[in-house]
Amino acid sequence: MSRTGSNGRRKPPTIHDVAREAGVSRGTVSRVLNGGHYVSPAAEEAVNAAIRKTGYVVNRHARSLITGRSDSVAFLLTEPQERFFEDPNFNVLLRGCTQALADHDIPLLLMIAGTKDERRRITRYITAGHVDGVLLVSSHSGDPVAEQLRAARVPLVACGKPLGQSSRVSYVAADDRDGAREMVRHLVRSGRRRIATVTGPLDTPGGTERLAGYRDVLAEAGIEADERLVATGDYSRASGESCAAELLRRAPDMDAVFVASDLMAQGVLSALRDAGRRVPDDVAVGGFDDSPAALDTRPALTTIRQPWDRISSEMVRVLLAQIGGEDTSTVILPTELVRRGSA
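Here is what the cut-offs are and how they apply
- Residues numbered from 1 in each chain as written.
- Predicted model: local features only at pLDDT ≥ 70, side-chain atom pairs only at ≥ 80, totals over all residues.
- Heavy atoms only, no water.
- Salt bridge = Lys/Arg side-chain N within 4 Å of Asp/Glu carboxyl O.
- Helix = DSSP H or I, 4+ residues; strand = E, 2+ residues; numbered from the N terminus.
- Buried < 20%, exposed > 50% of the residue type's maximum accessible area, 1.4 Å probe, protein only.
- Pairing = 2+ DSSP bridges.
- Right-handed = clockwise from strand over helix to strand, strands pointing away.
- Disulfide = S-S within 2.5 Å.
- Axes fitted to C-alpha atoms, helices over the stretch in contact; angles between N-to-C directions.
- Polar contact = N/O pair within 3.5 Å; in protein donor to acceptor, adjacent residues only side chain to side chain.
- Core = buried A, V, L, I, M, F, W, Y, C linked by side-chain atoms within 4.5 Å.
- Contact = heavy atoms within 4.5 Å.

Draft legend 1. Summary view of the pattern of salt bridges. Evaluated as defined, the whole model comprises 21 salt bridges. Of the charged contacts in the structure, one is a salt bridge between Arg194 and Asp253, with a shortest N-O distance of 3.1 Å. Taken together, the positions of Arg194 in the loop between helix H9 (176–189) and strand S8 (195–199) and Asp253 in the loop between helix H11 (237–250) and strand S10 (256–259) put the pair 59 residues apart, joining distant regions of the chain. For Asp253, a relative accessible area of 45% puts it in the partly exposed group. A salt bridge links Glu336 to Arg305, with the shortest nitrogen-to-oxygen separation between them at 3.5 Å. One end of the pair, Glu336, is in strand S14 (residues 336–338); the other, Arg305, is in strand S12 (residues 303–305), with 31 residues separating them in the sequence. Taken together, the shared-partner salt bridges connect Arg177, Asp178, Arg181 and Asp216 into one network.

Dropping the structure here:
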């Protein structure tokens, strides 16, 4: 169907064109577009066929004036912009959430708030009603964004357990502690006894939970804890490299390293190579995430797989349920040990 305006340009099809093509009223088309309530199956099929034939696209702005909703969701990353481009996990998660929302014809808006001013501006934008809900990623302890959005009654789902407010915020997380246990048990079973760790930031759930899992297994294996074998990174490759150099100085007899992210593990492997240590002969290395970074190492990285597809789809499912009026909920997903050449 083609309509031409006074300027000679083709006008986009309207809801009236769809109604005429389907042989139904405009009200019936509107009901189909808003969920299909009180519409017969035959009429709904006729409307959907007419939409496909005419190429009609919903005017989201007009519909939002009626429904009070924006029909969009924010993917909010409270990290510096360079982290988004460096850490492959963020891109994997963003892609999964985008695909999950596409099934519901809902666009996803990427927002990065790495500074206090950026967080203030974005929080103001969100609480003004420009999005229907927020998928919050990488929230540190003390980060006010989650609490501010919750206080404003904005539907919110966090990726990972928000420290200090887990009972009030919906979240979806991999079982960080159990995944760390599985990796360290693997290192112990392979005969390693001087097992070091490079943790994530200790104001994040992944940092604290993975360190706790490491300590759990040392205790159950009867291995005395040695704080010289613990170094704290920030999930970047550079921090993995500097932490490994520090561990080599403090504990040159270490024979394994559990690293709390694959990206940091890349840095650890680089530092070990520079120090002349063979992997896994001299020092075994285990990572966490099973991100694309795990396959870029030599040898390929033994790691803990986080189920990113399920994390993405569950975050979207929980958020849409919350937008629909359901209460706060929590989903914790199992991890999996992936054996490769580094350990």
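Draft legend 2. Local environment of the pairing of S8. By the criterion of burial, S8 is predominantly enclosed, with five of the five residues buried. Burial along S8 is two-sided: Ile195, Thr197 and Thr199 and Ala196 and Val198, pointing in opposite directions, are all buried. In terms of strand pairing, S8 meets strand S9 (residues 230–232) through three bridges, oriented parallel. Bridging across to S9, Val198 finds its partner in Ala231. What joins S8 to S9 is helix H10 (residues 205–220), and the crossover it makes is right-handed.

Draft legend 3. Highlighting unusual backbone geometry. The omega angle of the peptide bond from Val279 to Pro280 is 5°, so this bond is cis rather than trans. Position of Pro280 among the secondary structure elements: in the loop between helix H12 (262–274) and strand S11 (284–286). Look at Asp289: it is not a glycine, yet its phi comes out positive at around 130°. With respect to the helices and strands, the residue Asp289 is situated in the loop between S11 and S12. The phi angle at Asp290 is positive, at roughly 55°, despite the residue not being glycine. Counting through the fold element by element, Asp290 comes out in the loop between S11 and S12.

Draft legend 4. Summary view of the state of the cysteines. Across all of its chains, the model carries zero disulfides by this definition. This cysteine, Cys97, is not joined by any disulfide, and Cys159 carries the nearest cysteine sulfur, 7.6 Å off.

Draft legend 5. Spatial organisation of the sheet that holds S10. Judged by pairing direction, the sheet is parallel, and its four strands sit side by side in the order S9-S8-S10-S11 without closing on themselves. Of all the strands in the sheet, the pair left with one neighbour each is S9 and S11. Between one strand axis and the next, the sheet turns through 15° on average, direction left out of account.

Draft legend 6. Structural context of the side chain of Thr204. Here Thr204 lies in the loop between S8 and H10. From its side chain, Thr204 meets the backbone oxygen of Pro201 in a polar contact 2.7 Å long.

Draft legend 7. Spotlight on the nonpolar core. Residues Tyr214 and Val285 are the most contacted members of the largest nonpolar core, which totals 43 residues. Leu77, Ala100, Ala174 and Ile311 belong to the second largest nonpolar core, which has 29 residues in total.

Draft legend 8. Molecular detail of the side chain of Ser261. Tracing the sequence through the fold places Ser261 in the loop between S10 and H12. The exposure class assigned to Ser261 is buried, which follows from its relative accessible area of 4%. Leaving out residues up to four positions away in the same chain, Ser261 has contacts with Tyr235, Phe288 and Asp289.

All we've got here are geometric facts, nothing functional implied.
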